[in-house]
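Spelled out, the chains give:
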Amino acid sequence: MSGVQNIKVDQDEADQRLDRWFRRRFPHIAQGRIEKMCRKGEIRIDGGRAKPATRIEPGQTVRVPPLPEPSEVTSRPVPVGPSDEDAKLIQSCVIYRDDHIIALNKPPGLPTQGGSKQKRHVDGLAEALKFGLDEKPRLVHRLDKDTSGVLLLARTQRIAGALTKAFRDRDTRKIYWAAVAGVPVPQLGTIRYGLVKAGGHGKHGEGEKMRCVHPDEVENLPGAKRAITDYAVLSALAKRTAWVALVPVTGRTHQLRAHMAETGHPIIGDGKYGGSGQENQGDGWGAQLGGEISRKLHLHARSLSLMHPVTGARLNLTAPLPDHMQRTWETFAWSVSDVPADPFEEIL
């Protein structure tokens with residue numbers, strides 16, 4: 001058993017969660033124990049209590065209570081890397097790579113991170129993305145499990161801090177493509193509904209959703225946060241469905257899905273927010289088109305633009321559509337070459 005340690009945070013360790021910093025320093029300590037030590041006030045930052053999600057900064061001092069030696073910890077399972085099949089899968093998703101950044105075209109159905117009942121995810125498979133470096137790349141943002149498209153990882157802790165700051169400061173530009181039920185009017189606009197968490201069921205809140213709140217009510221509703229989405233209709237099939245580009249000006253949980261459903265134009269395949277039918281009487285369209293159109297979510301992170309944290313050059317990343325969306329586009333004769341990369345560019 002070690003004694004109390006007071007560890008100063010290095011420059012390269014900046015802007016990461018306390019629990020992740022702790023696990024990298026002491027990989028033999030389980031997440032549950034870290035959370036318990038935080039609750040009891042045994043882990044402190046500059047003398048004050050801290051939560052596992054608290055972000056640490058250079059120069060801060062983390063108090064680490066006495067810990068067992070690695071040889072004393074026998075019950076924790078030894079981490080197992082991804083299988084050869086999974087390694088090939090995640091490596092096939094790489095659409096950009098340099099010494100600092102890796103970009104994936106995340107397939108739909110693959111979670112970004114682990115959680116309850118989620119054992120196979122990008123964060124775990126990232127062990128296969130080291131490409132010669134000692135540490136696996138780090139996630140700097142997330143996509144929902146059923147959302148496909150551009151997902152960025154940093155290859156070092158320093159780059160992870162720079163990219164996390166860029167996302168937090170909105171120095172990146174993300175454009176999503178979606179197929180939605182009906183055709184939004186006007187064809188170019190901004191959605192400003194706030195969002196508040198609506199509890200689910202079960203011990204861990206399964207089925208949890210975000211509920212839209214009128215902008216004038218956000219300040220008076222505990223837990224509500226402002227949310228802004230820009231949208232543009234790129235093509236329409238009569239009045240039944242439309243191909244839209246979406247820009248999440250803010251980055252709230254399920255923001256695009258909740259916003260489009262609230263306008264009466266849910267994203268195709270979104271049973272959580274748009275229901276499983278084709279029409280909701282008096283409440284806009286349902287989230288299914290029927291026929292040969294896939295029931296999977298039709299939401300894709302098409303492009304991501306950012307300044308490279310090392311070279312300073314503008315980096316524009318683009319991800320091809322997943323198979324189920326490509327089939328829908330072909331069915332409706334929607335051509336990628338017919339639309340601008342950024343339909344909002346002229347009005348920015």
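About the thresholds
- Residues numbered from 1 in each chain as written.
- Predicted model: local features only at pLDDT ≥ 70, side-chain atom pairs only at ≥ 80, totals over all residues.
- Heavy atoms only, no water.
- UniProt positions renumbered as here; feature names shortened; annotations may be inferred.
- Helix = DSSP H or I, 4+ residues; strand = E, 2+ residues; numbered from the N terminus.
- Rg over C-alpha atoms; globule rule 2.2 N^0.38 Å.
- Buried < 20%, exposed > 50% of the residue type's maximum accessible area, 1.4 Å probe, protein only.
- Contact = heavy atoms within 4.5 Å.
- Areas by Shrake-Rupley, 256 points an atom, 1.4 Å probe, with all protein chains shown as cover.
- Lys, Arg positive; Asp, Glu negative; His and termini not counted.
- Charge placed at Lys NZ, Arg CZ, Asp CG, Glu CD.
- Pairing = 2+ DSSP bridges.
- Arc of directions from axis to C-beta.
- Domains from an automatic or database assignment.
- Salt bridge = Lys/Arg side-chain N within 4 Å of Asp/Glu carboxyl O.
- Core = buried A, V, L, I, M, F, W, Y, C linked by side-chain atoms within 4.5 Å.
- Phe/Tyr/Trp six-rings, centres within 6.5 Å; stacked < 30°, edge-to-face > 60°.
- Lys NZ or Arg CZ within 6 Å of the ring centre and 35° of its normal.

You'll find the chain entered in an unreviewed UniProt entry as Pseudouridine synthase, with Qingshengfaniella alkalisoli given as the organism. Recorded under Sequence similarities (unreviewed entry), the UniProt text for the chain is reproduced unchanged: "Belongs to the pseudouridine synthase RluA family." As stated in UniProt under Function (unreviewed entry), the record for the chain gives "Responsible for synthesis of pseudouridine from uracil."

A. Broad picture of the overall build of the chain. A count of helical and extended segments in the chain gives eight helices and 16 strands. Taken over the C-alpha trace, the chain has a radius of gyration of 22 Å; the compact-globule value for 348 residues is 20 Å, and the two agree within 12%. Projected onto the principal axes, the alpha-carbon positions of the chain cover approximately 70 × 45 × 40 Å. Taking all 348 residues of the chain together, the buried fraction comes to 45%. Looking at the chain alone, contacts between residues at least 24 apart form 64% of all its contacts between residues at least 6 apart. When the accessible surface of the chain is summed, it comes to about 18,200 Å², and 47% of that surface belongs to carbon and sulfur atoms. Separation of charge centres in the chain, based on 51 positive and 41 negative side chains, amounts to 5 Å.

B. Up close: the pairing of strand 5 (residues 94-97). In this structure, strand 5 lies alongside strand 6 (residues 101-106), joined through three bridges in antiparallel fashion. Paired with Tyr96 across the bridge in strand 6 is Ala103. Connecting the antiparallel pair strand 5 and strand 6 is a turn made up of three residues.

C. Summary view of helix 1 (residues 18-25). Inspection of helix 1 places Leu18, Asp19, Trp21 and Phe22 among the buried residues, and these make up the whole buried set. Along the axis of helix 1, the buried positions cluster into a sector of 160 degrees, meaning they face one direction only.

D. Up close: unusual backbone geometry. The step from Val185 to Pro186 runs through a cis peptide bond, and the omega angle for that step is 0 degrees. Note that Pro186 resides in the loop between strand 9 (173-181) and strand 10 (188-191). Of note in the backbone geometry, Ala333 takes a positive phi value of approximately 60 degrees without being a glycine. Structurally, Ala333 can be placed in the segment after helix 8 (323-331). In this structure Ala333 comes out as exposed when scored by relative accessible area, which is 65%.

E. Spatial organisation of the domain arrangement of the chain. The assigned domain composition of the chain is domain 1 (5-72), domain 2 (84-169) and domain 3 (175-332). For domain 1 and domain 3, the distance between their C-alpha centres works out to 37 Å.

F. The arrangement of the pattern of salt bridges in detail. Per the counting criterion, the structure on display carries 12 salt bridges. A salt bridge links Glu127 to Lys130; the shortest N-O distance between them is 3.2 Å. When the shortest N-O distance is used, the salt bridge between Arg226 and Glu219 registers 3.3 Å. Assessed through its relative accessible area of 62%, Glu219 is described here as exposed. When salt bridges that share partners are traced, they join Asp144, Arg257 and Asp270 into one network.

G. Quick peek at the side chain of Arg302. Structurally, the position occupied by Arg302 is in strand 15 (residues 299-307). Buried Arg302, no salt bridge; nearest opposite-charge side chain is Asp342, N-O distance 11 Å. Other than its neighbours up to four places away in sequence, Arg302 contacts Val150, Ile175, Tyr176, Trp177, Leu317, Thr318, Ala319, Pro320, Leu321 and Val336.

H. Summary view of the UniProt feature "active site" (unreviewed entry) in the chain. Mapped onto this numbering, the UniProt entry annotates "active site" (unreviewed entry) at Asp144. Along the chain, Asp144 falls in the loop between strand 7 (138-139) and strand 8 (148-154). Overall, Asp144 belongs to the partly exposed group, its relative accessible area being 26%. In contact with Asp144, other than residues within four places in its own chain, are Lys106, His254 and Arg257.

I. Here's a closer look at helix 6 (residues 255-262). A large share of helix 6 lies buried, amounting to seven of its eight residues. Of the positions making up helix 6, those classed as buried are Gln255, Leu256, Arg257, Ala258, His259, Met260 and Ala261. Following helix 6 by one or two positions, Gly264 adopts a phi angle in the positive range, close to 90 degrees.

J. Inspection of the nonpolar core at higher detail. Residues Ile90, Leu104, Val122, Leu246 and Leu299 are the most contacted members of the largest nonpolar core, which totals 31 residues. If near-sequence neighbours (up to four positions away) are discounted, Val122 is found in contact with Ile90, Leu104, Lys106, Leu110, Pro111, Thr112, Leu139, Leu151 and Leu153. If you look at the next biggest cluster of nonpolar residues, it comprises 19 residues, including Ile175, Ala181, Leu321 and Met325.

K. Geometry of the packing of aromatic side chains. Under the defined criterion, the tally for this structure stands at seven aromatic pairs. Arranged with centres 5.4 Å apart and planes meeting at 65 degrees, the rings of Trp243 and Trp329 form a pair that is edge-to-face. Of this pair, Trp243 sits in strand 14 (residues 241-248) while Trp329 sits in helix 8, placing them 86 residues apart in sequence. Assigned by exposure class, Trp243 and Trp329 land together as buried. Seen in terms of ring centroids, Trp329 and Trp334 are 5.0 Å apart; in terms of plane orientation they differ by 85 degrees. Their pairing is edge-to-face. On the basis of relative accessible area, Trp329 is assigned to the buried category, the value being 1%. By the ring-pair criterion, three or more aromatic residues cluster together here, those being Trp177, Trp243, Trp329, Phe332 and Trp334. We note Arg97 situated over the ring of Phe131; from NZ or CZ to the ring centre the distance is 3.9 Å.

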